[in-house]
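Residue strings, one per chain:
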Amino acid sequence: MSLIARIKRFLGLEAEAKREEPEKEKSEPVGASKEEVEKVAEENAKPRIGYIHLSGCTGDAMSLTENYDILAELLTNMVDIVYGQTLVDLWEMPEMDLALVEGSVCLQDEHSLHELKELREKAKLVCAFGSCAATGCFTRYSRGGQQAQPSHESFVPIADLIDVDLAIPGCPPSPEIIAKAVVALINNDMEYLQPMLDLAGYTEACGCDLQTKVVNQGLCTGCGTCAMACQTRALDMTNGRPELNSDRCIKCGICYVQCPRSWWPEEQIKKELGL
Ligand code: SF4
Ligand code: SF4
């Protein structure tokens, strides 16, 4: 049995994961259904939001606070920040409508594992906030042996342990996308949120996804968006197609997420074209 499977059993999450399986077999979208998200928006005009910091660098929270133009309005009139070790002086986790989780989870850190379990129980929606939480990002390269916790060697995206409803990858995500996602949640704008709901299942990110999921599928238009989006310059455009230098890739997934051929509203397009 894998370490993740053992930890899930230890936390009592295994049974829950099994209960979810039949729904996935019916090929329903990963995470919260449209109805569940609508219910949250309906019942909570002013959503209660928590920020949970696991193995992350706080860059995602910094990006959130860079929404200077709308931050005061957002925090005063649109949401209640009810939990967050760097934001709120409260040690006991309350019930929340949305938990923004930053950082991957260390399988050798019992405190993080219990916090993750508790937030899944207390939050109606869980958002993998930033690439470490969503895809593991550069913590995918962790292998322990460093002081002060040499035994801390296994770091995984949070969706490996709990059900995640939506993901906002980015290292960090832009201030705009964070603000727009929160506002879309408040406004119940499912059209805007749908890609983020779908991304909750995108945990094994790599620059090579462009090759396998876009170029190999005959979808690449050579627009270069992926290369521009990569913050480590791991991508070059060669002969009109992205070429990966895997030594530079930190597995954030942003190149694939930003690629305009990775997701588009197929149903909406068909509807508008009368197909
Ligand atoms: S190629 Fe760049 S953007 Fe893509 S996953 Fe690697 S580091 Fe992230
Ligand atoms: S962003 Fe997508 S479509 Fe554009 S060059 Fe990169 S892989 Fe091709």
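In this report, the structure presented in the accompanying data block is examined. Predicted, not measured: the structure shown is a model, and the values here were computed from it. (Residues numbered from 1 in each chain as written. Chains lettered and ligands numbered in written order. Predicted model: local features only at pLDDT ≥ 70, side-chain atom pairs only at ≥ 80, totals over all residues. Heavy atoms only, no water.)

## Focus: the site of ligand 2
Point 1. Looking at ligand 2, there are 14 residues lining it, with Cys220, Cys223, Gly224, Cys226 and Cys259 nearest.
Point 2. Sorting the residues of the shell around ligand 2 by element identifies helix H10 (209-215) and helix H11 (225-229) as the ones contributing at least two each.
Point 3. A class-by-class count of the residues in the shell around ligand 2 yields 9 nonpolar, 4 polar and 1 charged. (Near = heavy atom within 4 Å. Helix = DSSP H or I, 4+ residues; strand = E, 2+ residues; numbered from the N terminus. Nonpolar A, V, L, I, M, F, W, Y, C, P; charged D, E, K, R; others polar.)

## Re the site of ligand 1
Point 1. Of all residues adjacent to ligand 1, which total 13 residues, the nearest are Cys230, Cys249, Cys252, Gly253 and Cys255.
Point 2. For ligand 1, the cavity whose grid points lie within 2 Å of the majority of its atoms is the largest cavity.
Point 3. A class-by-class count of the residues in the shell around ligand 1 yields 9 nonpolar, 3 polar and 1 charged. (1 Å grid on protein atoms, 1.4 Å probe; cavity = no way out; pocket = protein on both sides within 12 Å on 5 of 7 lines; lining within 4 Å. Sits in = over half its atoms within 2 Å of the grid points.)

## Notes on the packing of aromatic side chains
Point 1. Per the stated rule, a full pass over the model turns up 1 aromatic pair.
Point 2. Taking the centre distance of 5.2 Å and the plane angle of 50° together, the rings of Tyr202 and Tyr256 count as tilted. Of the two residues, Tyr202 sits in the loop between helix H9 (190-198) and H10 while Tyr256 sits in helix H12 (residues 254-258), which places them 54 residues apart along the sequence.
Point 3. Note on Tyr202: relative accessible area 7%, which makes it buried.
Point 4. We classify Tyr256 as buried; its relative accessible area is 14%.
Point 5. Seen from the ring of Tyr256, Lys213 lies directly overhead, with NZ or CZ sitting 5.2 Å from the centre.
Point 6. The ring centre of Trp264 lies 5.3 Å from the NZ or CZ of Arg261, which sits over that ring. (Phe/Tyr/Trp six-rings, centres within 6.5 Å; stacked < 30°, edge-to-face > 60°. Buried < 20%, exposed > 50% of the residue type's maximum accessible area, 1.4 Å probe, protein only. Lys NZ or Arg CZ within 6 Å of the ring centre and 35° of its normal.)

## Focus: unusual backbone geometry
Most peptide bonds take the trans form, and the phi angle of most residues other than glycine is negative.
Point 1. The peptide bond linking Gln147 to Ala148 adopts the cis configuration, its omega dihedral lying at 5°.
Point 2. Note that Ala148 resides in the loop between helix H7 (131-135) and strand S6 (155-156).
Point 3. The omega torsion across Cys171 and Pro172 is 0°, close enough to zero to call that bond cis.
Point 4. Although it is not a glycine, Thr58 sits at a positive phi angle of roughly 75°.
Point 5. Unusually for a residue other than glycine, Asn188 sits at a positive phi of about 60°.
Point 6. Its relative accessible area of 27% is what places Asn188 among the partly exposed residues.

## Section: the nonpolar core
Point 1. Within the largest apolar cluster, 41 residues are counted, with the highest numbers of intra-cluster contacts made by Ile52, Met96, Leu116, Leu119 and Ile158.
Point 2. Shared between two domains, this core takes at least three residues from each, and those domains are domain 1 (44-200) and domain 2 (207-273).
Point 3. If near-sequence neighbours (up to four positions away) are discounted, Ile158 is found in contact with Leu54, Val101, Gly103, Val105, Leu116, Val126, Ala128, Ala133 and Val164.
Point 4. Counting residues in hydrophobic clusters, the runner-up holds 23 residues, among them Cys127, Leu166, Ile168 and Ala184. (Core = buried A, V, L, I, M, F, W, Y, C linked by side-chain atoms within 4.5 Å. Domains from an automatic or database assignment. Contact = heavy atoms within 4.5 Å.)

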